[in-house]
Structures are given as structure tokens and as C-alpha cells.
Amino acid sequence: WVLLTNGPEWHVHRVRFEQPIRIDQVFTLNLLDPDLKIADLLGRLYLISREGAVATAIDEYWEQKQATSRFVVAQLLLSTVVLSALRRHLRRMYPGVKIEEDDLAELLSAEVLKRDVLEGERAAEAAKLVKRHERRLAKAANSPAAPAAMAPTT
């Protein structure tokens with residue numbers, strides 16, 4: 001983690017030592033911003049405080065921010081699980097219409113989602129993350145213990 005400040009303005013970055021080195025901006029905080037809410041200010045200051053560091057609050061904040069990034073959400077929308085659910089829902093709404101998952105994926109990527117969430121390095125990383133998760137789910141579904149583990153408990 002790297003914190004840069006000139007006093008009133010704080011920039012928090014996460015540095016990942018991989019090839020090449022990546023620096024992601026986590027958040028900025030301007031203490032002189034009149035529109036800044038006190039709750040937001042205190043929450044962000046806690047993240048960079050000693051108490052927050054001991055509780056790994058900034059790591060949890062980063063994890064939450066990554067999980068809800070627009071790149072991950074866009075890739076999840078294009079995943080087979082979501083496309084299948086969307087297709088089922090549309091077929092219930094319009095019983096006579098034939099809709100394929102590939103057509104829905106094309107529609108989402110061409111007309112619904114912004115281009116920047118589908119292209120670039122961060123989009124590729126999100127796609128790998130979602131595909132890895134789908135493979136884990138498929139592997140768990142195919143394992144012998146999966147039916148007992150996936151059965152709903154009542």
C-alpha cells in the first residue's frame with residue numbers, strides 16, 4: 001500500500017509486484033472538499049489508520065471494491081450461468097420466441113454494455129477471474145460429493 005499526501009489531499013494506491021508492476025488507485029480523499037460527508041470521511045480515515053491496518057480493513061475494502069468493479073460485473077453478465085437465467089426468464093415472458101445464449105451475449109456486448117468494460121487489460125483480468133470461478137463450479141458439480149453438498153437444506 002502507498003499513501004501519497006500534500007496534507008489536505010490523500011491518494012491511496014495498491015502496488016502489485018508482478019510483471020509489469022501494477023499500481024491501482026484505491027481511493028482519493030480531499031479533506032477540504034465541502035461536499036464530503038462526515039461518515040465517508042471517517043470511514044476512509046479509518047482505512048488508513050493504525051487501527052484499520054491492524055484489522056486489515058483496507059484489504060477488505062479493496063476486496064469489496066474489486067468484487068463490485070464494473071469489469072467483473074460485465075464479465076459476470078456474459079457468463080453462461082447469467083445468460084442461461086436471462087434466457088429462461090425471457091422465454092417465460094415470451095413463450096413463442098426462440099432466444100439463444102449466444103444472441104444474448106452478442107446483444108449485451110454490442111448494445112448494452114460499454115466498450116471499455118469489455119476491452120483492455122482489466123477486462124481481460126476480470127474475464128479470467130470469472131472463467132476460473134465457472135470452472136471451479138463445474139468441477140464441484142461433477143465431483144461425487146457435489147450432490148450432497150449442493151442439496152438445499154430444509
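Let us look at the structure shown here. Values in this document were obtained by computation on a predicted structure and should not be read as measured data.

Strand pairing in a sheet takes place through backbone hydrogen bonds and is either antiparallel or parallel in direction. Spatially, 1-2-3 is the arrangement adopted by the three strands of the open sheet, whose pairing is antiparallel. Two strands bound the open sheet, and with one partner strand each, they are strand 1 (2-5) and strand 3 (22-30). Taking each pair of neighbouring strands and ignoring which way they run, the sheet shows an average axis angle of 20°. Judged from the four bridges that link them, strand 1 and strand 2 (residues 9-16) form a sheet pairing that is antiparallel. Within strand 2, the residue paired with Leu 4 across the bridge is His 11.

Take the environment of Val 12 next. Here Val 12 lies in strand 2. Classification of Val 12 by relative accessible area gives buried; the value is 0%. For the pair Val 12 and Ser 49, spaced 37 residues apart in sequence, the C-alpha separation works out to 12 Å. Apart from the residues within four sequence positions on either side, Val 12 is in contact with Trp 1, Val 2, Leu 3, Asp 24, Gln 25, Val 26, Phe 27, Ile 48 and Ile 58.

The next subject is a positive patch on the surface. The grouping of Lys 128, Lys 131, Arg 132, Arg 135 and Arg 136 at the surface amounts to a positive patch. Inspection of the secondary structure assignment puts Arg 135 in helix 7 (residues 121-142).

Another aspect to go through is the packing of aromatic side chains. Tallied over the entire structure, the rule returns two aromatic pairs. For the pair Trp 1 and Trp 62, a centre-to-centre distance of 6.4 Å together with 85° between the ring planes defines the contact as edge-to-face. Pair noted here: Trp 1 is in the segment before strand 1 and Trp 62 is in helix 3 (residues 57-67), with a separation of 61 residues, a long-range link. Given a relative accessible area of 38%, Trp 1 falls into the partly exposed group.

What follows deals with helix 4 (residues 70-77). Burial in helix 4 covers these residues: Phe 71, Val 72, Ala 74 and Gln 75. In an axial view of helix 4, the angular spread of the buried residues amounts to 160°, which keeps them on one side of the axis. Buried residues in helix 4 make contact with helix 3 and helix 7.

A word on a nonpolar patch on the surface. Nonpolar side chains collect at one region of the surface, where Leu 31, Ile 38, Leu 42 and Leu 45 lie side by side and expose about 360 Å² of accessible area between them. The topology assignment puts Leu 45 in helix 1 (residues 38-47).

We now examine the pattern of salt bridges. Side chains carrying opposite charge are able to pair once their charged atoms draw close together. Counted under the stated rule, the structure contains eight salt bridges. When the shortest N-O distance is used, the salt bridge between Arg 16 and Asp 24 registers 2.9 Å. The exposure class of Asp 24 is buried, given its relative accessible area of 9%. By sharing partners, the salt bridges in this structure join Arg 16, Arg 22, Asp 24, Glu 121 and Glu 125 into a single network.

Moving on to the nonpolar core. Residues Phe 71, Val 72, Ala 74, Leu 83, Ile 99, Leu 104, Ala 105, Leu 108, Leu 113, Val 117, Ala 123 and Ala 126 constitute the largest nonpolar core, which totals twelve residues. The set of elements that each furnish at least two residues to this core consists of helix 4, helix 6 (101-112) and helix 7. Ignoring any residue separated from it by four or fewer positions in sequence, one finds Ala 74 in contact with Leu 113, Val 117 and Leu 118. The next biggest cluster of nonpolar side chains, apart from the first, holds nine residues, and it includes Leu 41, Leu 47, Ala 57 and Trp 62.

Rules behind the numbers
Residues numbered from 1 in each chain as written. Predicted model: local features only at pLDDT ≥ 70, side-chain atom pairs only at ≥ 80, totals over all residues. Heavy atoms only, no water. Pairing = 2+ DSSP bridges. Helix = DSSP H or I, 4+ residues; strand = E, 2+ residues; numbered from the N terminus. Axes fitted to C-alpha atoms, helices over the stretch in contact; angles between N-to-C directions. Buried < 20%, exposed > 50% of the residue type's maximum accessible area, 1.4 Å probe, protein only. Contact = heavy atoms within 4.5 Å. Patch = residues over 30% accessible without salt bridge, like charges linked within 9 Å, V, L, I, M, F, W, Y side chains within 5 Å. Areas by Shrake-Rupley, 256 points an atom, 1.4 Å probe, with all protein chains shown as cover. Salt bridge = Lys/Arg side-chain N within 4 Å of Asp/Glu carboxyl O. Lys, Arg positive; Asp, Glu negative; His and termini not counted. Charge placed at Lys NZ, Arg CZ, Asp CG, Glu CD. Phe/Tyr/Trp six-rings, centres within 6.5 Å; stacked < 30°, edge-to-face > 60°. Arc of directions from axis to C-beta. Core = buried A, V, L, I, M, F, W, Y, C linked by side-chain atoms within 4.5 Å.

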